[in-house]
Amino acid sequence: MALKCGIVGLPNVGKSTLFNCLSNAKAQSANFPFCTIEPNVGVITVPDDRLTKLVEMCNPKSTVPATVEIVDIAGLVKGASKGEGLGNKFLANIRETDAILHVLRCFDDDNITHVDTTVDPVRDMEIINYELQIKDLETIDNRLAKTEKAAKTGGDKTAKLQTEVLRAYKEALEQGRPARSVSFETKDEEKYARELFLLTNKPVLYVCNVDDASAVSGNEYVERVRQAIAGTDSDLMIVAAKTESEIAELDTWEERAEFLQEIGLEESGVSRLIRAAYRLLDLQTYFTAGPDEVRAWTFMRGTKAPQAAGIIHTDFEKGFIRAEVIKYDDFVALGSETAVKEAGKMAVEGKEYVVNDGDIMHFRFNV
C-alpha cells in the first residue's frame with residue numbers, strides 16, 4: 001500500500017536531518033530556509049521483531065518487510081497559505097500525503113538560526129496549524145458558495161448534504177479547530193468529507209527534536225508542547241535528530257546498540273518514529289510465511305479477509321474461498337505450520353473475518 005507520511009515544520013527545525021536518518025535518500029540540509037524545494041521521498045522499512053523471528057524459523061529464500069513512504073516537505077513559513085515562501089507548492093505537497101509528522105524545534109543552539117529568532121515550539125506549531133487551517137477554510141468557502149446555491153435553487157439533496165458538511169467544517173476552522181475534530185453521523189457525510197482532502201483532517205504526530213542531553217526524558221520545551229496538545233487526538237514523541245544522525249553513521253548493529261545503551265535508550269528514535277508513523281496511518285501487518293518467502297503485508301485496521309487477500313493480488317479477492325489463519329504466538333510456540341495444524345490451532349475463516357495484526361495467512365481462491 002503506497003501510503004505516505006509527510007514531514008513538515010518551519011525551516012531549520014531538523015526536518016531534513018531527521019529524514020536523512022530515516023532514509024538512504026539524502027535531503028539537502030543547509031542553515032537557511034527553502035533549501036529543499038522539491039519534496040524528497042524515502043521508502044522506509046518498518047522494524048518488526050515478528051518478521052525477524054519468522055525468517056529465523058522458516059529460513060526463506062527471500063524476505064519482504066512492510067514499508068512506509070516518508071516525504072520531506074520544505075519548511076513552511078508564516079503566510080504560506082497566501083503563497084509566501086513558495087507556500088502554495090508546499091501545501092500542495094502536504095495534500096498528497098496521508099498523515100503528517102510535525103517536527104518542532106525543542107533545543108537551543110546559537111549556531112542554528114531560527115526564522116523567528118527565538119525558540120518557541122508551541123508558537124511554531126501554531127504558525128503551521130494556522131496556515132493549514134486558513135488553506136482549508138479557503139477550500140471550504142470556495143465549495144460552499146456552489147453547494148449553497150444548488151441546495152437553494154434546485155432542491156438538490158446531495159447539495160444539501162454537502163452544504164451541511166462544509167458548514168460544520170467552516171464553524172470548526174473559524175474557531176481554530178482542525179477539520180479532524182469534526183465527526184459525522186452518516187456514511188454519505190463521511191464519504192464526502194474524505195473527498196475534500198482537507199489538510200487538517202490528516203492525523204498528526206508531533207515530533208519534538210531535542211538536544212542530546214534531552215533524548216531520554218525530554219525538556220521544558222517538550223513539556224510546553226505536551227500541555228498545548230492535551231485534550232486533542234494528536235500524540236507526541238521525542239527524538240534527538242543530531243544523535244540519530246550519529247547512530248546512522250555507525251557501521252554495525254552492535255556498535256549502534258552499544259551507543260544507545262551509553263545514552264540510556266533501548267532503541268533508536270528512528271525505529272520508534274517509523275512504527276509511530278505506521279500506527280498513525282492506522283496500519284497493521286499480516287504475514288505469509290514459507291520456505292520461498294516470508295513477507296509482511298500492510299493493511300488498514302478493520303480490513304476483512306477478501307480485501308486483505310486482494311492486497312496480494314486482485315484475483316485473490318475476486319475468487320476468495322476462505323482464509324487459513326494461524327496466530328503468530330501459536331506459530332512461534334509450536335514451531336511449524338504442521339505442528340499448528342496437528343494441535344488444531346489453525347482456523348478456517350470466511351468472508352466476514354476481520355484480519356488481526358500479526359495473523360499468518362494462507363488464502364484459498366478460485367478464478
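Think of each chain on its own: its residues are numbered from 1, step by step along the sequence as written. Note on the predicted model: pLDDT of at least 70 is required for a residue's local features to be given, and 80 or more for side-chain atom pairs to be given and counted; whole-chain, interface and lining totals, by contrast, use all residues. Side-chain metrics rest on all non-hydrogen atoms present in the structure, leaving aside hydrogens and water.

### Some details on helix α10 (residues 269-280)
Thought 1: If you check α10, its first and last C-alpha atoms are 16 Å apart, about what twelve residues at 1.5 Å a residue would give, namely 16 Å.
Thought 2: Residue burial is assigned from relative accessible area. The probe radius is 1.4 Å, only protein chains are included, and a residue is buried under 20% of its type maximum, exposed over 50%, and partly exposed in between. Working definition: helices are DSSP H or I runs of at least four residues, strands are E runs of at least two. Numbering for both runs from the N terminus. With nine of twelve residues buried, α10 lies mostly within the body of the structure.
Thought 3: Those residues of α10 that fall on the buried side of the exposure criterion are Gly269, Val270, Ser271, Leu273, Ile274, Ala276, Ala277, Tyr278 and Leu280.
Thought 4: Looking one or two residues beyond α10, the residue adopting positive phi is Asp282, at roughly 60 degrees. Expected helix span is taken as 1.5 Å per residue step, with the number of steps being one fewer than the number of residues.

### Considering the packing of aromatic side chains
Thought 1: Any two rings among Phe, Tyr and Trp, with Trp reduced to its six-membered ring, count as a pair given centres within 6.5 Å; such a pair is stacked if its planes are under 30 degrees apart, edge-to-face if over 60, and tilted if neither. Going through the model one piece at a time under the given rule, you end up with six aromatic pairs.
Thought 2: Taken together, a centroid distance of 6.4 Å and an interplanar angle of 20 degrees make the contact between Tyr286 and Trp297 stacked. Of this pair, Tyr286 sits in strand β8 (residues 283-289) while Trp297 is found in strand β9 (residues 293-300), placing the two residues eleven residues apart along the sequence.
Thought 3: On the basis of relative accessible area, Tyr286 is assigned to the buried category, the value being 0%.
Thought 4: Aromatic rings pair up to connect Tyr286, Trp297, Phe299, Phe320 and Phe363 into one cluster.
Thought 5: Should the NZ of a Lys or the CZ of an Arg lie within 6 Å of a ring centre and within 35 degrees of the ring normal, that charge is described as sitting over the ring. Taking NZ or CZ as reference, Arg295 lies 4.0 Å from the ring centre of Trp297, over its face.

### Quick look at the sheet that holds strand β4 (residues 67-72)
Thought 1: Here we have six strands laid out as an open sheet, ordered β2-β4-β1-β5-β6-β7, and mixed in their pairing. The outermost strands of the open sheet, each flanked by one partner alone, are β2 (40-45) and β7 (235-239). In this sheet, adjacent strand axes meet at a mean angle of 25 degrees when their direction is disregarded.
Thought 2: DSSP calls a pair of strands paired once it identifies at least 2 bridges connecting them. Pairing between strand β5 (residues 99-105) and strand β6 (residues 204-209): six bridges, direction parallel. Considered in β6, the bridge of Ile100 is made with Val204.
Thought 3: Helix-sheet contacts for helix α1 (residues 15-22) involve β1 (4-8), β2, β4, β5, β6 and β7, and the interaxial angle to β4 is about 155 degrees. Angles shown run from 0 to 180 degrees and are taken between the N-to-C directions of axes, each axis being a line fitted to C-alpha atoms and, for helices, limited to the stretch in contact. Residues are treated as being in contact if the distance between any of their heavy atoms lies within 4.5 Å.

### Focus on the nonpolar core
Thought 1: Put simply, buried Ala, Val, Leu, Ile, Met, Phe, Trp, Tyr and Cys residues joined by side-chain atoms within 4.5 Å make one nonpolar core. Counting 72 residues, the largest nonpolar core has Leu22, Ile70, Leu101 and Val207 as the members making the most contacts within it.
Thought 2: It is α10 that contributes the most residues to this core, seven residues altogether.
Thought 3: Not counting chain neighbours up to four residues away, the residues in contact with Val207 comprise Leu18, Leu101, His102, Val103, Leu104, Met237, Val239 and Leu273.
Thought 4: Formed by 15 residues, the second largest nonpolar core is a distinct cluster that contains Ile140, Leu144, Leu166 and Tyr192.

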